[in-house]
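Structure assessment
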Amino acid sequence: MTDTLERINTAFEQTKSHLEEMMERLATAERLAAQATKRADDIERKMGRAALTGTGGGTTYTREQLDHRDAFEQWLRRPGDYHKRARLMEAEAAVSGPDERRTSTTLTGADGGHLVPAPVMTDIVRRLTNLSPIRLIARAVEVSSTGTKFPLDRQGTGSGWIAENVTRTATAEPTLDLRTPSYGTCYALMAATEELMMDSAINITSWLTESAAVALAATEGAAFVAGNGTNRPTGFLSGPTPVTTADSSRASGTLQYVVGGAAAAISSVDGIVNLYWALKAGHRQNGNWVMNSATAAVVQLLKDTQGRSLWAPALSEAAPATLLGRPVVLAEDMQAIAANNFPIAFGNFNSGYLIADQGGLRITVDDNISTPGLVKFYIRRRVGGNILDSEAIKLLKVSTT
């Protein structure tokens with residue numbers, strides 16, 4: 001009987017020892033899993049920071065903005081993770097100012113999406129500017145309301161000369177026009193496979209930044225040239241019908257054109273030279289030529305009466321091609337060379353065309369719902385545009401009249 005009890009006690013102790021060892025191993029496994037998860041999050045965070053290193057252009061971000069970026073990067077990879085989304089919403093609330101809250105309240109429910117963090121948005125906008133030809137040369141401003149009006153002094157504020165301590169007489173008051181951009185939501189819809197999202201070697205933030213910039217640049221670039229003003233900017237070719245009337249008597253917002261000298265072609269430099277000198281000196285010295293590649297190929301071959309080309313090839317990426325000494329900007333949405341078209345514009349676009357960006361970029365993620373196996377990113381922002389100073393841009397018309 002005693003031997004039996006001893007054997008039972010021995011078996012019990014052995015079993016207890018095995019259970020304790022198993023519990024210890026389980027606890028160790030849980031600690032290792034937690035460490036691995038933390039390490040993965042740290043790697044994602046470092047990858048995100050590395051991708052943004054050197055791209056800030058001297059911009060300094062707050063701790064809240066950096067935390068927002070970190071939470072955003074982790075959420076991008078796991079948008080269905082409740083904890084990742086909760087952390088993103090908390091970080092977003094810490095940086096979202098009254099203007100952003102006002103922007104988001106114009107949308108409802110999931111339509112509002114999430115605010116793209118400032119460091120990521122800065123990188124997207126920088127790439128967007130480099131890719132969008134008109135944004136590169138036009139005046140771009142941030143607005144908090146689509147009702148913002150921009151004053152344009154058409155005749156200049158009166159001024160004069162006078163001696164010291166002499167009574168000042170009234171000068172002529174400025175003639176002001178109020179210019180209002182037309183707005184629309186510029187958006188891009190990118191898709192990534194689940195495998196891409198789960199691949200830790202891929203920097204999802206960099207992929208999103210590049211894809212969004214390329215897509216948005218193409219969309220807004222077309223609108224800045226020829227947008228009809230309905231749910232999009234009004235392009236500088238889509239304002240009132242251009243006329244030949246001089247600056248002093250032409251209606252505000254209406255561009256002037258110069259004839260090219262041929263009914264359906266650009267066959268001489270005469271129209272180009274006349275267009276160059278039609279612009280006022282102040283605008284001319286800051287002017288840019290805008291045309292598409294096909295038009296540039298024709299213009300580059302033109303010679304003056306002495307057999308000299310007005311075109312100077314690009315010397316490097318930083319030194320673009322010039323026409324009569326002013327830079328040539330290639331915008332593929334410009335009209336082709338055809339009868340009564342306007343294939344070439346010359347002007348000081350920083351004074352002549354206004355781009356208005358309202359609020360920040362927002363993003364919504366369709367996580368493997370509408371299309372199994374794909375994660376879709378819907379990114380957008382309100383963008384407006386319109387002619388500001390119609391004296392600062394001139395057009396070449398393919399016509400003899």
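Only a predicted model underlies this, so the values are computations on that prediction, with no experimental measurement involved.

About the criteria used
Residues numbered from 1 in each chain as written. Predicted model: local features only at pLDDT ≥ 70, side-chain atom pairs only at ≥ 80, totals over all residues. Heavy atoms only, no water. Helix = DSSP H or I, 4+ residues; strand = E, 2+ residues; numbered from the N terminus. Buried < 20%, exposed > 50% of the residue type's maximum accessible area, 1.4 Å probe, protein only. Contact = heavy atoms within 4.5 Å. Phe/Tyr/Trp six-rings, centres within 6.5 Å; stacked < 30°, edge-to-face > 60°. Salt bridge = Lys/Arg side-chain N within 4 Å of Asp/Glu carboxyl O. Core = buried A, V, L, I, M, F, W, Y, C linked by side-chain atoms within 4.5 Å. Pairing = 2+ DSSP bridges. pLDDT = per-residue confidence, 0-100. Axes fitted to C-alpha atoms, helices over the stretch in contact; angles between N-to-C directions. Parallel < 35°, antiparallel > 145°, perpendicular 65-115°, else oblique. Nonpolar A, V, L, I, M, F, W, Y, C, P; charged D, E, K, R; others polar.

With that settled, consider the overall build of the chain. Along the backbone of the chain there are twelve helices and 14 strands. Burial analysis of the chain (401 residues in total) assigns 40% to the buried set. Pairs at least 24 apart in sequence give 76% of the contacts found in the chain among residues at least 6 apart.

Time to look at the side chain of Arg 380. Looking at the element boundaries, Arg 380 is found in strand S13 (residues 374–387). Given a relative accessible area of 6%, Arg 380 falls into the buried group.

Attention now goes to the packing of aromatic side chains. To describe a pair of aromatic rings, you give the distance between the ring centres and the angle between the ring planes. Considering all chains together, one arrives at eleven aromatic pairs under this definition. For the pair Tyr 276 and Trp 289, a centre-to-centre distance of 6.5 Å together with 15° between the ring planes defines the contact as stacked. Residue Tyr 276 is located in helix H9 (residues 270–278), and its partner Trp 289 is located in strand S7 (residues 288–291); the two are separated by 13 residues in the primary sequence. Taking the relative accessible area as the measure of exposure, Tyr 276 reaches 14% and is therefore buried. Among the residues examined, Trp 289 registers a relative accessible area of 0% and is labelled buried. Here a set of aromatic residues connected by ring pairs shows up, and it is made of Phe 224, Phe 236, Phe 349 and Tyr 353.

A full pass over the atoms with the stated rule returns 13 salt bridges. Across the salt bridge formed by Glu 210 and Arg 127, the nearest N and O atoms sit 2.5 Å from each other. Of this pair, Glu 210 sits in helix H8 (residues 204–226) while Arg 127 sits in helix H5 (residues 118–131), and the two are 83 residues apart along the sequence. Residue classification places Glu 210 among the partly exposed positions, given a relative accessible area of 37%.

Once that is clear, we can look at the nonpolar core. Counting 49 residues, the largest nonpolar core has Phe 72, Ile 134, Phe 236, Val 290, Tyr 353 and Phe 377 as its most contacted members. It is H8 that provides the largest number of residues to this core, a total of seven residues.

In terms of strand pairing, S7 meets strand S10 (residues 326–330) through three bridges, oriented parallel. When the bridges of S10 are listed, Trp 289 appears paired with Val 328. By the bridge criterion, two bridges tie strand S9 (residues 322–323) to S10 in an arrangement that is antiparallel. Each residue of the ladder has a partner; that of Thr 322, found in S10, is Pro 327. Taken together, S9 and the strand that follows it, S10, pair antiparallel across an intervening segment of two residues, in which Leu 324 is found at a positive phi of about 55°.

Bringing the confidence of the model for the chain into the picture now. Mean pLDDT over the chain works out to 84, with 80% of the residues at or above the 70 mark. The low-confidence segment residues 39–56 (pLDDT under 50) makes 29 contacts with residues lying over four places distant or belonging to another chain. Every residue in residues 101–110 is under pLDDT 50, and counting partners more than four places away or in other chains gives eight contacts.

The next thing to look at is the packing of helix H2 (residues 63–77) against H8. Contact pair H2 / H8: the axes reach a minimum separation of 9 Å and the direction vectors enclose 90°. By the angle class used here, H2 and H8 are roughly perpendicular. Mapping the contact onto sequence places Phe 72, Glu 73, Leu 76 and Arg 77 in H2 and Ile 204, Thr 205 and Leu 208 in H8. The class makeup of the residues in the contact of H2 with H8 is four nonpolar, one polar and two charged.

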